[in-house]
Each structure stands twice: as structure tokens, then as C-alpha cells.
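Structural overview
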Amino acid sequence: MPDATSAVDGLQVHVLPAVDRAAVTVHAGAMASIDRSWQALMDAAAERGETLRSPSREVYLTAGDVPQEAWRTELVQPLGDDPGVGPAR
């Protein structure tokens, strides 16, 4: 990410803290079904007894003029002990 970004009306830039460990998957398809991919990621973390940290992140690998069915979104759920949102459920 560049050190400076030009202003875009209605857009806020936030730099998120680095994480040591994260559960990561790629959601393929429209945003209407992304909740299922997030749930699968959370279930996998719970099966391993992981603690979820916040904030989670979404990295949009494709978007724009591509039909949503072809979108790829990387889901990143930080893992660790503290600060967290508690054990994965």
C-alpha cells in the first residue's frame, strides 16, 4: 500500500495492525453468499480450538466490471490469544 493515497469522496483509509497468525480462505462468487464462506472459516477455527482476534479482513481480489459470480475475495481471520473476541464458535 502506498504511504499516501489521494482523497476519494466517501472513502476512509485505515491501516490495520499486522497479525502473526490468521485463518485464510478465498470466497468464490457473489457477495450474497459470502456469509457461508465466513461461517465455514469460523467453523474450521473452532474445530482447532482457535481464539479469534479482531478486526477480520476482506481482500477483494477481483471486482469492478467482472460479474459478481466471478469475484474472488480473500477472507482473513486473525488468530491468537489477546486481544480477541473469544473462542471460535
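Our subject is the structure that appears above.
Residues numbered from 1 in each chain as written. Predicted model: local features only at pLDDT ≥ 70, side-chain atom pairs only at ≥ 80, totals over all residues. Heavy atoms only, no water.

Ranked by size, the top nonpolar core spans nine residues in total: A23, I34, W38, L41, M42, A45, L52, L75 and L79. Contributions of two or more residues to this core are made by α1 (34-47) and β4 (72-79). If sequence neighbours within four positions are ignored, W38 has contacts with S56, R57, E58, L75, V76 and Q77. (Core = buried A, V, L, I, M, F, W, Y, C linked by side-chain atoms within 4.5 Å. Buried < 20%, exposed > 50% of the residue type's maximum accessible area, 1.4 Å probe, protein only. Helix = DSSP H or I, 4+ residues; strand = E, 2+ residues; numbered from the N terminus. Contact = heavy atoms within 4.5 Å.)

Together, V8, L11 and V13 line one region of the surface with nonpolar side chains, adding up to about 270 Å² of accessible area. Tracing the chain through its elements places L11 in the segment before β1 (21-28). (Patch = residues over 30% accessible without salt bridge, like charges linked within 9 Å, V, L, I, M, F, W, Y side chains within 5 Å. Areas by Shrake-Rupley, 256 points an atom, 1.4 Å probe, with all protein chains shown as cover. Salt bridge = Lys/Arg side-chain N within 4 Å of Asp/Glu carboxyl O.)

Moving on to α1. With 14 residues, α1 ought to run about 20 Å at 1.5 Å a step, and its terminal C-alpha atoms sit 20 Å apart, in line with that. For α1, every residue scored as buried is listed here: I34, S37, W38, L41, M42 and A45. One side of α1 holds all its buried residues, which, seen down the axis, span an arc of 135°. Counted as exposed and oriented over 90 degrees from the buried face of α1: D35, R36 and E47. Where α1 is buried, its residues meet β1, β2 (51-52), β3 (57-60) and β4. Looking at the residues trailing α1, positive phi occurs at G49, about 70°. (Expected span 1.5 Å × (residues − 1). Arc of directions from axis to C-beta.)

On to unusual backbone geometry, then. Each neighbour pair has its own omega, and for S54 with P55 the value is 0°, a cis peptide bond. Considering the arrangement of structural elements, one finds P55 in the loop between β2 and β3.

A few words now on the environment of S56. Within the secondary structure, S56 is located in the loop between β2 and β3. Among the residues examined, S56 registers a relative accessible area of 38% and is labelled partly exposed. Contacts of S56, omitting those with residues within four sequence positions, involve W38, V76, Q77 and P78.

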